[in-house]
Amino acid sequence: MFGSKNKAADDKKQKEAEAEARKVEAIKVSVSQAVEGMRAFALAPAPDKCEAAAKRITEMLKNPKAPKDFVKLMRDRSDDLLKSCFMKAASDAAAGALNAAHHDDKELLTKKIGEAKTHLARAIQLKAPPEFKMACNRALEAASMTGFVHHDGPTKAKPADLAPKPIDRAHGNAPMKFEQPKPAAAQAKPGMTRPMSAAR
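Residues numbered from 1 in each chain as written. Predicted model: local features only at pLDDT ≥ 70, side-chain atom pairs only at ≥ 80, totals over all residues. Heavy atoms only, no water.

Asks: Can you help me understand the overall build of the protein in this one?
Replies: Scanning the protein from terminus to terminus reveals seven helices and zero strands. The helix and strand sequence of the protein, counted from the amino end, reads α-α-α-α-α-α-α. Looking at the protein as a whole, 23% of its 200 residues qualify as buried. (Helix = DSSP H or I, 4+ residues; strand = E, 2+ residues; numbered from the N terminus. Buried < 20%, exposed > 50% of the residue type's maximum accessible area, 1.4 Å probe, protein only.)

Here it is, written out as structure tokens:
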């Protein structure tokens, strides 16, 4: 009789343990799928969606039934994906700023520089490497110095043209020349004039 009771108690504990294991496994599967879904947002990149996915994963990992080693592993993966997402977003925005500068699109340039700085700041919070920060800042500096520089006066590349311009007679640019009228006496031919008294 006691043996049957012990066996029943053991069976109950086993079933409870199996049910607990299934719950833990379900948590693992759910979190793992969420992390894989987050990977697509990181590759896009889609910072807002990636940030939201990371927050959901953080909440899921608060489940007390989740094993500690699994929680740490998933949290590290989530942080890495989030960091990668913001690094890619900052890099893409910096490239967009350079492209806008080359096309003299000042409005787009301002927008892309703002996006790049915002994403870079978040990437740094997520422990992006210092080399990435330097490279991104150099790209933004280059974008800011490219285009939109117009000089009204002469420059070293285009000095002033000081050479005299050729006269364009066809378009009336040549100065008109007027000959002074010659005296009447000088206009008469020799031998054609005589005193009035002689004619009488």
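Asks: Can you walk me through the nonpolar core in this structure?
Replies: It is characteristic of soluble globular proteins that their nonpolar side chains tend to be buried jointly. In terms of nonpolar packing, the biggest core is built from 37 residues, with Val-31, Met-38, Leu-61, Leu-82 and Leu-109 touching the most fellow members. Elements that contribute at least two residues to this core include exactly helix H1 (2-43), helix H2 (47-60), helix H3 (68-102), helix H4 (106-125) and helix H5 (130-145). If one sorts the elements of this core by residue count, H3 sits on top with 14 residues. With near-sequence residues (within four places) excluded, Leu-82 lies in contact with Met-38, Cys-50, Glu-51, Ala-54, Arg-122 and Leu-126. (Core = buried A, V, L, I, M, F, W, Y, C linked by side-chain atoms within 4.5 Å. Contact = heavy atoms within 4.5 Å.)

Asks: So what exactly am I meant to see when it comes to the confidence of the model for the protein here?
Replies: Interpretation of the predicted coordinates at a detailed level should be avoided for regions scoring low in pLDDT. Confidence along the protein averages 81 in pLDDT terms, with 70% of residues attaining 70 or more. Every residue in residues 149-153 scores below 50 in pLDDT, and together they form one contact with partners more than four places removed in sequence or on other chains. Low confidence marks residues 195-200, where pLDDT is under 50. Its contacts with residues over four positions away, or in another chain, come to one contact. (pLDDT = per-residue confidence, 0-100.)

Asks: When you look at the packing of H4 against H5 in this model, what are you seeing that I'm missing?
Replies: Each packed pair of helices is defined by two parameters, the angle between the axes and the distance between the axes. Relative to each other, H4 and H5 sit at 170°, their axes nearing to 11 Å. The orientation of H4 relative to H5 falls into the category roughly antiparallel. On H5, the residues that touch Leu-109, Ile-113, Ala-116, Lys-117, Leu-120 and Ile-124 of H4 are Phe-132, Lys-133, Cys-136, Asn-137, Leu-140, Ala-143 and Ser-144. Here the contact of H4 with H5 is composed, by residue class, of nine nonpolar, two polar and two charged. (Axes fitted to C-alpha atoms, helices over the stretch in contact; angles between N-to-C directions. Parallel < 35°, antiparallel > 145°, perpendicular 65-115°, else oblique. Nonpolar A, V, L, I, M, F, W, Y, C, P; charged D, E, K, R; others polar.)

Asks: Before we go on, may I ask you to explain unusual backbone geometry in this structure?
Replies: Glycine aside, the phi torsion of most residues is negative, and most peptide linkages are trans. Cis peptide bonds are those with omega within 30 degrees of zero, and the linkage from Ala-44 to Pro-45 qualifies with -10°. In this structure, Pro-45 sits in the loop between H1 and H2. Located in the positive-phi region is Asp-104, a residue other than glycine, with phi close to 55°. One can find Asp-104 in the loop between H3 and H4. Asp-104 sits in the partly exposed class, given a relative accessible area of 42%. Unlike most non-glycine residues, Lys-127 shows phi in positive territory, near 70°. Among the structural elements, Lys-127 can be located in the loop between H4 and H5.

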